Amino acid sequence: MKKACVIGWPIAHSRSPLIHGHWLQRYGIAGTYTKEAVKPEDLRAFLTSLADRGYAGCNVTVPHKEAAFAAAQVREASATAVG
């Protein structure tokens, strides 16, 4: 089963698990999509431990987007273009 999440600080307000959970169920995809509260000072450690936590990947909310971009080992040209 694939496991993914959305990360942020704060994150309690996110509706992403509801939205993604709907589509996982609708299309019969074996997976989960949760939310993880990640403090700014813990972001890099969390991102580098995604696989150890069992995650295939994550989405990132606005407060963490620039730091996540800076921590990325691989960047798509489109991401680089928009910063």
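To be clear, the structure that these remarks concern was listed above.
Since we're looking at a predicted model, the values are computed, not measured.

Q: I'd like a description of the overall build of the protein chain, backed by residues and values.
A: Across its full length, the protein chain holds four helices and three strands. Secondary structure elements of the protein chain, listed N to C terminal, follow the sequence β-α-β-α-β-α-α. Along the three orthogonal principal directions, the C-alpha set of the protein chain runs to about 35 × 25 × 25 Å. Here the protein chain holds 83 residues, and 23% of them are scored as buried.

Q: Break down the sheet that holds strand β1 (residues 2-8) for me, with residues and values.
A: With respect to topology, three strands assemble into an open sheet ordered β2-β1-β3, the strand pairing being parallel. Whereas interior strands pair on both sides, the edge strands pair on one side only; in this sheet they are β2 (31-37) and β3 (57-60). Across the sheet, the mean angle separating the axes of adjacent strands is 25° when strand polarity is ignored. Relative to β3, β1 is paired through four bridges, and the arrangement is parallel. Among the inter-strand pairings, alanine 4 is bridged to a residue of β3, identified as glycine 57. The strands touched by helix α1 (residues 16-26) are β1 and β2; relative to β2, the strand with the most contacts, the crossing angle is about 175°.

Q: Could you give an account of the layout of surface pockets, with specific residues and numbers?
A: Its volume calculated, the largest pocket comes out at about 330 Å³. If you go around the largest pocket, you meet 16 residues; those closest to its centre are Val60, Lys65, Ala68, Phe69 and Ala72. Sorting the residues of the lining of the largest pocket by element identifies β3 and α3 (65-71) as the ones contributing at least two each. Partitioning the lining of the largest pocket into residue classes produces nine nonpolar, three polar and four charged.

Conventions we followed
- Residues numbered from 1 in each chain as written.
- Predicted model: local features only at pLDDT ≥ 70, side-chain atom pairs only at ≥ 80, totals over all residues.
- Heavy atoms only, no water.
- Helix = DSSP H or I, 4+ residues; strand = E, 2+ residues; numbered from the N terminus.
- Buried < 20%, exposed > 50% of the residue type's maximum accessible area, 1.4 Å probe, protein only.
- Pairing = 2+ DSSP bridges.
- Axes fitted to C-alpha atoms, helices over the stretch in contact; angles between N-to-C directions.
- Contact = heavy atoms within 4.5 Å.
- 1 Å grid on protein atoms, 1.4 Å probe; cavity = no way out; pocket = protein on both sides within 12 Å on 5 of 7 lines; lining within 4 Å.
- Points joined across faces, edges and corners; volume = space filled by probe spheres on them.
- Nonpolar A, V, L, I, M, F, W, Y, C, P; charged D, E, K, R; others polar.

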